[in-house]
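Residues per chain, in single letters:
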Amino acid sequence: MWKSSGKPLTPVPGLANVIAVAAGSAEEFLAALDCDHNVYVWGQGVIAGSPTPERVEFPAGVCVQSLFCGGDHIGVIDSNNRVYLWGQNNNQVLGVGSTESVVYEPTLLPSSERGLACVSLACGKDLTFAIANDGHLWGWGFGKHNLLTDVRSGKSGEQQIVRSNTLRRTPVKFESLTALQTVSVGANHAAVVTSDGFLYVWGFNERGKAGDHSVNQDVSPTKIKAASQVEQTACGGSFTLFACR
């Protein structure tokens, strides 16, 4: 039996056949997805508010496939690759068109209705990223530290940095990042892994967490030359991790 601090671990009451768990950092809550596609939340704050798991109600016909938590919001993807979000809506981090500071019920991302089909999410403190089924990255919320900055080719082929430290109420597409497999976002930086195993990192470069040997404070999406055959990445508060094949 596994032990923690000398005491045996005990199952969370009311949960069984769990296939995914995610944690919110700002308001100390947890969320779980079971094999019957039910989502449960518990903990503190506006999202949970209960010490024991409570099932989240979705619109009829929604079949949740994957679950993601940010600082104080939650995002899920259903069987039709549509995105639903709820929680704190500071800096329009939910992207659902609401001007309310809190959205209490799962709300469909309007872009999902307009054809944006997503396969993965990364929920941060002030913004949300999504990988579409065509491998492109989309982002919305507050793009501080160049987190919503893209690098694009100009008319004559030169590289142009398209900076955005402003509020994005609806998803904006990253033209330079394609064929993506996974995305992660930390407190002030983000990372993606491409289908051919390369790692790109950008955002606030405090303590070298962008990994590009740059002394710049804010960096745009940059390929990490020392990383290859990467499969997964994770961004923390002041560090970046990746796992290779």
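Attention here is on the structure that accompanies the text.

Thresholds, definitions, all that
Sequence order sets the numbering: in each chain, residues are counted from 1 along the sequence as written. Selection of residues for local features in this predicted model requires a pLDDT of at least 70, selection of side-chain atom pairs for listing and counting requires 80 or more, and totals for whole chains, interfaces and linings are taken over all residues. Remark: hydrogens and water are excluded; side-chain values derive from all non-hydrogen atoms of the structure. Following DSSP output, two strands are said to pair if at least two bridges run between them. Numbered from the N terminus, helices here are DSSP runs of H or I no shorter than four residues, and strands are runs of E no shorter than two. Between N-to-C directions, angles span 0 to 180 degrees; the directions come from axes that are lines fitted to C-alpha atoms, helices contributing only their stretch in contact. Only protein chains enter the calculation, and the probe is 1.4 Å; a residue is then buried if its accessible area is under 20% of its type maximum, exposed if over 50%, and partly exposed in between. Contacts are assigned to residue pairs that have any heavy atoms within 4.5 Å of one another. By convention in these notes, a salt bridge is any Lys or Arg side-chain nitrogen within 4 Å of a carboxyl oxygen on Asp or Glu. In this analysis, rings of Phe, Tyr and Trp, with Trp reduced to its six-membered ring, are considered paired at centre separations within 6.5 Å, and the interplanar angle assigns stacked below 30 degrees, edge-to-face beyond 60, and tilted for intermediate values. Nitrogen and oxygen atoms within 3.5 Å of one another constitute a polar contact, given that in protein one can donate a hydrogen and the other can accept it, and given that sequence-neighbouring residues count only through two side-chain atoms.

1. Remarks on the sheet that holds strand β11 (residues 118–123)
Taken in spatial order, the four strands line up as β11-β12-β13-β16 in an open sheet, and their pairing is antiparallel. Among the strands making up the open sheet, the edge pair consists of β11 and β16 (167–174). Ignoring which end each strand starts from, the neighbouring axes of this sheet average 15° apart. As paired elements, strand β13 (residues 137–142) and β16 share five bridges and run antiparallel to each other. Considered in β16, the bridge of leucine 137 is made with phenylalanine 174.

2. Some words on the environment of isoleucine 19
Note that isoleucine 19 resides in strand β3 (residues 18–24). Of the residues examined, isoleucine 19 reaches a relative accessible area of 55% and is grouped as exposed. As for isoleucine 19 and aspartate 34, which are separated by 15 residues in sequence, their C-alpha atoms are 5.3 Å apart. Setting aside residues up to four positions removed in sequence, isoleucine 19 forms contacts with Leu33, Asp34 and Cys35.

3. Here's the deal with the pattern of salt bridges
The full count for this structure, using the stated rule, is four salt bridges. Residues glutamate 57 and arginine 55 are paired through a salt bridge, measuring 3.3 Å at the closest nitrogen-oxygen approach. A salt bridge links arginine 82 to aspartate 78, with the shortest nitrogen-to-oxygen separation between them at 2.9 Å. Arginine 82 gets classed as partly exposed once you look at its relative accessible area, which sits at 26%.

4. Brief notes about the pairing of strand β12 (residues 127–132)
Counting buried positions along β12 yields six of six residues, so the element is predominantly enclosed. Neither face of β12 is exposed, since Leu127, Phe129 and Ile131 on one face and Thr128, Ala130 and Ala132 on the opposite face are all buried. Hairpin connection of β11 to β12: three residues between the antiparallel strands. Of the strand pairs in this sheet, β12 and β13 are connected by five bridges, and their pairing is antiparallel. Bridging from a neighbouring strand, alanine 130 pairs with tryptophan 138 of β13. The turn joining β12 and β13, which pair antiparallel and follow one another in sequence, is formed by four residues; a positive phi near 90° is taken by glycine 135.

5. Remarks on the pairing of strand β17 (residues 180–185)
Counting buried positions along β17 gives five out of six residues, so the element sits mostly inside the fold. Two strands pair when backbone bridges link them, and β17 and strand β18 (residues 189–194) are joined in this way by five bridges, in the antiparallel orientation. When the bridges of β18 are listed, serine 184 appears paired with alanine 191. Counting the residues in the hairpin turn of β17 and β18 gives three residues.

6. Quick look at the packing of aromatic side chains
Counted by the stated rule, this structure contains five aromatic pairs. Consider the rings of phenylalanine 58 and tryptophan 86, whose centres lie 5.7 Å apart with planes at 85°: the pair is edge-to-face. In this pair, phenylalanine 58 is assigned in the loop between β6 (54–55) and β7 (64–69) and tryptophan 86 in strand β9 (residues 83–88), connecting sequence segments 28 residues apart. Note on accessibility: phenylalanine 58 and tryptophan 86 belong to one class, buried.

7. Re the side chain of serine 98
With respect to the helices, strands and loops of the structure, serine 98 is situated in the loop between β9 and β10 (102–108). In this structure the side chain of serine 98 is engaged in a polar contact, spanning 3.1 Å, whose partner is the backbone nitrogen of glutamate 100. The contact partners of serine 98, leaving out residues within four places of it in the chain, are Asn89, Gln92 and Val103.

8. Here's the deal with the sheet that holds β3
Taken together, four strands build an open sheet; the order of strands is β3-β4-β5-β6 and the sheet is antiparallel. In this open sheet, the two strands that pair with only one neighbour each are β3 and β6. Here strand β4 (residues 29–34) pairs with strand β5 (residues 39–43) via five bridges, running antiparallel. By the bridge assignment for β5, leucine 30 is matched with tryptophan 42.

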